[in-house]
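In case you want the letters, here they are:
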Amino acid sequence: MWAEAVPDAGDVDAFLRAHDAKDLLRLVVIGSVDDGKSTLIGRLLYDSGRVYDDQLAAAEKASARGSTRGHGSTAAIDLSLLTDGLRAEREQGITIDVAYRYFTTARRKFIVADTPGHVQYTRNMATGASTADVAVILVDARLGVLAQTRRHAYLAALLGLSHLVVCVNKMDLVGWDPARFEAIRAEITAHASALGIAHVHALPVSALHGDGVVRPGAGAPWYAGPTLLELLETVPVVVADGPALRLPVQLVVRPGLGYRGFAGQLAAGGLAVGDEIAVLPSGRRTRVAGIDVGSESRAAAAAPESVTVRLADEVDVARGDMLVRPDDLPTTTTRLDARLVWMAEAPLDPTRTYLLKHTTRATRVDVERLVAVIDPETLAETPAARLELNDLGRVVLRAHRPLFVDAYARCRATGAFILIDALSHDTVAAGMIDPPRADDAPEVERVTAVDRRARLGQAGAVVELGGGDAIGRAFALERALFEAGRIAIVVAAAHATAIAAAAVIAIVPRADLPDGATIDGAAVEGDLTRAVLIAAGKLDAGRADRR
Amino acid sequence: MAAIATTRLPDPTPQPARLSHLRQLEAESIHVLREVVAEFERPVMLYSIGKDSAVLVRLAQKAFAPAPLPFPLLHIDTTWKFRAMYEFRDAFVARGGFDLRVWQNQAGLAAGVNPFDHGSNQYTRVMKTEALLAALAAGGYDAAFGGARRDEERSRAKERIYSFRDRHGGWEPRRQRPELWNLYNGKLGPGETIRAFPLSNWTELDVWQYILVEQIPIVPLYFAAPRPVVERDGTLIMVDDDRLRLRPGEQVRTETVRFRTLGCYPLSGAIRSAATDVPAIIAETLATRHSERQGRLIDHDQDGSMEQKKREGYF
């Protein structure tokens, strides 16, 4: 059961030494219930001995409440039950969220992010992939490469994973047909390579029977490659040539007695005592006087270690600052060209200000432009006015304070950010910073809705007036708003939306409609002028009230 | 037919040395500890006296050294812990110079709530969950560190590192925030709090290996020794004091046992074991066919019971 021999008491020391040097691999497994994803993960856990008898018993007990595969068969345990965590999921036979699983062999410890793969779960996939080194996706051998498969591969590429492992599952149901496997392998490899994924591996497996997962597949004598576990145990996790040093400061440790240390986790590169470093944003240069990890003093440290650094000079350093090498600086900028995975029910609102967290630095940001929405199957980019839940988009953001960034492709830790809704506090988007694109960066910085709103001190609105005297009432309202210090204009219906988007109040006389008025489509009762002032003020209804 | 192109095992040429898995876990946990302290007003660390708490406190010491811990430790005391746990706790606090707050549910004590007459479910709710919520409210804490790990129980597998709790301390799995990279969202509304779990990605084996390499002191009950026990409903319960009422026919025997997890003694099952040091425990952990929480009676009183307790505010 255990993937290696359990040590006798005498061998424990040797065993422990081997485990001390063990590596850590984080993988994300993406797929839907139908692909056999839960069964595949259950198989990895079960065949590597990480499933205990009482967990198995609990899963079997739970299967009486509802199993995706029925129950009563003792010959084949329903391994998918081992990974269905919450009661609602077991009852509905679905997975609603990212779950984390753990198993270990003599060579590596594995952290598995188990993510559901349906279209509406893009945000879960992004979450699971954000911390992963390797993506494992499942393809049903009978169905071949689906739109969903291409979507999964795109997300793996977007999140910067350099290894994509494609498990062609249910090979037993196609009679272990080598031609079928080869066709799928060739198609997905071509697609993934076009996406820029450096290493694509395809394996024939039957998770249900355990073939090709931990044990070699009995039905595929024509396949000479590794099993899934062999591959995961040996796949190299090498950090590409990233920056020489990125140390975002989390906090200042100052217990008195003259000790002043800057604590943080190395995001990239490393540093040694005596190195010259620069502190951002001040740009001040100094040298590393000491590196502490707990009570231990170190000569050098490297990512991803958490350290406390002492500096040779009295330099002003605070949370959100970054220690870097003067000869390899990140870009200091307020403009972010980025791709977003939108994760909230409420769509992106380009007129709102969001909170952004990047490394240990937080700032407010405006959406300068929603450039395009990306179709993750065809990779086509189309201009769009909205970005909705599970959409992928390309945006330009403007931060209220400068950030120290690298392109995500060069350094994940300094190329990634999250957006937070300032009111609900929900995490609404995951962002990956791109190098500024020439075609997205016009010579003239465009005037945005945010700029106009700030200048005019009002939001736009569309006011429709109905009835026989609509035109006369429209000009009367225009005058009243003008006297109240607001900018409004009487226009034809065709122009109203564009005018409102430019933060101006559009008044549309509609003699063809019955008596009455609407603001942005909602009917208004009572004092129309006051209602328009409140709508246009939006953020300062109080001020409109006092007028 | 054309030859099948197959994936080959990667070239075994030496790779740049990577940090061992334990040191990667350590670095990640220290990062979480520091983020919470930087982003919250009044953090506190739940201290349960067990091995996970011992590891958590060690990590916190490393995160803020040479400064003392920038938060107090909080022990929710049901008064039913093993005597050896209280002794260990008091020595540990004295030696480490920690600021320990102990909270007992006085109303529950006055009502005589105990694990025998009230059942493990109600007892846990009153003496642990309600006591915890009251202690957090009384201290005005907006973030509470706990030593929970995702490998412990299956509803924990979906737990976040920053676990959001509503105004009543409840956990709503569908309302948890996505956690990407190591960017944690610490924004709270009025009355909301978080539980922070720096050991989320550790397994039982990792904890034991870390205790070994860091030489972290733990309660002696984790090591096998002859102890007085009774066998009750298939579980070995230690007779730690005379509050344990023997049922008809129950015989107190002396057996060589140890504990994989420690809680309230009437609810903590012992295992027969000869492991008297950490390497032996690790060997046993690798060989066992039973999960660590199997001896925790409160996990098994109903299907989905951990999930239900968490929704009510349990850790």
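Per chain, the residues get numbers from 1 upward, laid out in the order the sequence is written. Think of it this way: whatever chain is written first is A, whatever ligand is written first is 1, and the rest follow in order. Reporting of local features is limited, given that this is a predicted model, to residues whose pLDDT is at least 70; pairs of side-chain atoms are given and counted only at 80 or more, and all residues count toward the totals for whole chains, interfaces and linings. Side-chain measures were taken over the full set of non-hydrogen atoms in the model, leaving aside hydrogen atoms and water.

1. Thoughts on the overall build of chain A
Labels follow the DSSP assignment, with helices taken as runs of H or I lasting at least four residues and strands as runs of E lasting at least two, numbered in each case from the N terminus. When its secondary structure is counted, chain A shows 14 helices and 28 strands. Residue burial is assigned from relative accessible area. The probe radius is 1.4 Å, only protein chains are included, and a residue is buried under 20% of its type maximum, exposed over 50%, and partly exposed in between. For chain A, with 547 residues in total, the buried portion stands at 55%. Contacts in chain A between residues at least 24 apart in sequence constitute 71% of all its contacts with a sequence separation of at least 6. Values of accessible area rely on a 1.4 Å probe in the Shrake-Rupley scheme; residue burial ignores everything except the protein chains shown. Per element, the accessible surface of chain A, about 22000 Å² overall, is 53% carbon and sulfur. Every residue pair with non-hydrogen atoms within 4.5 Å of one another is taken to be in contact.

2. What about the packing of aromatic side chains?
Stacked, tilted and edge-to-face are the three classes applied to pairs of Phe, Tyr and Trp rings, where Trp contributes its six-membered ring and a pair requires centres within 6.5 Å; stacked means planes under 30 degrees apart, edge-to-face means over 60, and tilted covers the rest. Taken as a whole, this structure holds 18 aromatic pairs over all chains when the rule is applied. When the centroid spacing of 5.8 Å and the interplanar angle of 70° are considered together, the rings of Tyr 408 of chain A and Trp 181 of chain B count as edge-to-face. Of this pair, Tyr 408 of chain A sits in the loop between β21 (392-405) and α9 (412-415) while Trp 181 of chain B sits in the loop between β5 (162-165) and β6 (193-196), on two different chains. Aromatic ring contacts, followed pair by pair, group Trp 80, Phe 82, Phe 116, Phe 259 and Tyr 265 of chain B into a single cluster. Whether a charge lies above a ring is judged from NZ of Lys or CZ of Arg, which has to be within 6 Å of the ring centre and within 35 degrees of the ring normal. Geometry around Tyr 100 of chain A places Arg 150 of chain B over its ring, the cationic atom sitting 4.1 Å from the centre.

3. Describing the domain arrangement of chain A
Much of the literature gives interface size as the accessible area that the parts lose upon coming together. Residue and element names in this part refer to chain A. For chain A, the assigned domains are domain 1 (9-234), domain 2 (245-324), domain 3 (331-440) and domain 4 (452-541). Listed as interface residues are 22 residues of domain 1 and, on the opposing side, 13 residues of domain 3. Using a 1.4 Å probe, buried area is obtained as the accessible area two parts lose upon being combined, added over both of them. Taking both sides of the interface into account, the surface hidden between domain 1 and domain 3 amounts to around 1500 Å²; carbon and sulfur atoms contribute 60%. If you sort the residues of domain 1 by the area they bury against domain 3, Arg 123, Tyr 154 and Leu 158 come out on top, with a joint share of 41%. Whenever a carboxyl oxygen of Asp or Glu lies within 4 Å of a side-chain nitrogen of Lys or Arg, that contact is scored as a salt bridge. Connecting domain 1 to domain 3 are one salt bridge. For Glu 377, the salt bridge is made with Arg 151, and the minimal N-O distance between the two is 3.9 Å. Any pair of nitrogen or oxygen atoms within 3.5 Å is treated as a polar contact; in protein, a donor-acceptor pairing is required on top of that, and neighbouring residues in sequence qualify only through side-chain atoms on both sides. Along the contact surface separating domain 1 from domain 3 lie eight residue pairs in polar contact (both at pLDDT 80 or more). Going through the elements one at a time, α5 (122-130) and α6 (147-158) are the ones with two or more residues in the side of domain 1 that touches domain 3. Residue composition of the side of domain 1 that touches domain 3, grouped by class: twelve nonpolar, seven polar and three charged. The split of the chain into domains comes from an automatic or database domain assignment. Residue type decides the class: Asp, Glu, Lys and Arg count as charged, Ala, Val, Leu, Ile, Met, Phe, Trp, Tyr, Cys and Pro as nonpolar, and the leftover types, Gly among them, as polar.

4. Describing helix α7 (residues 278-287) of chain B
All names here are of chain B. By the criterion of burial, α7 is predominantly enclosed, with seven of the ten residues buried. Every buried residue of α7 is listed here: Val 278, Pro 279, Ile 281, Ile 282, Ala 283, Thr 285 and Leu 286. The distance from a side-chain oxygen at the start of α7 to the backbone nitrogen of Ala 280 is 3.0 Å, and the residue carrying that oxygen is Asp 277.

5. Some points on the side chain of Thr 414 of chain A
Residues and elements named next belong to chain A. Its location among the elements puts Thr 414 in helix α9. Given the relative accessible area of 0%, Thr 414 is considered buried. Among the polar contacts listed, one links the side chain of Thr 414 to the side chain of Asp 406, at a separation of 2.7 Å. Among residues more than four places away in sequence, those in contact with Thr 414 are Arg 246, Ala 267, Met 322, His 358, Thr 359, Phe 404, Val 405, Asp 406 and Ile 433.

6. Section: the sheet that holds strand β24 (residues 461-466) of chain A
All names here are of chain A. Two strands qualify as a pair provided that DSSP identifies no fewer than 2 bridges between them. If you trace the five strands from one edge of the open sheet to the other, you get β25-β26-β24-β27-β28, paired in mixed fashion. Looking along the sheet, the strands with just one partner apiece sit at the ends: β25 (488-490) and β28 (522-523). Pairing of β24 with strand β27 (residues 516-519) involves four bridges; the strand directions are antiparallel. Bridge assignment links Gly 466 to a residue of β27, and that residue is Gly 516. Set on the sheet, helix α13 (residues 528-537) makes contact with β24, β26 (505-510) and β27; between it and β27 the angle comes to about 10°. All axes here are fitted lines through C-alpha atoms, helices being fitted over the stretch that makes contact, and every angle between N-to-C directions spans 0 to 180 degrees.

7. Some remarks on the pairing of strand β3 (residues 100-103) of chain B
Residues and elements named next belong to chain B. Pairing of strand β2 (residues 73-76) with β3 involves four bridges; the strand directions are parallel. What sits directly across from Leu 74, in β3, is Arg 101. Looking down the strands as they point away from you, a crossover is right-handed if its path from the first strand over the helix to the second goes clockwise. Read from β2 through helix α3 (residues 83-96) to β3, the crossover connection turns out right-handed.

8. Comments concerning unusual backbone geometry
A cis geometry characterises the amide bond from Ala 303 of chain A onward to Pro 304 of chain A, with omega recorded as 5°. Along the polypeptide, Pro 304 of chain A turns up in the loop between β14 (300-302) and β15 (306-311). With an omega of 0°, the peptide bond between Ala 65 of chain B and Pro 66 of chain B qualifies as cis. Note that Pro 66 of chain B resides in the loop between α2 (51-64) and β2. Phi at Trp 176 of chain A is positive, roughly 50°, even though this residue is not glycine. Following the sequence through the fold, Trp 176 of chain A ends up in the loop between β5 (163-169) and α7 (178-194). According to the relative accessible area criterion, Trp 176 of chain A is buried, its value standing at 10%. Its identity is not glycine, yet Ile 49 of chain B carries a phi of approximately 80°, on the positive side. Relative to the helices and strands, Ile 49 of chain B resides in the loop between β1 (43-46) and α2.

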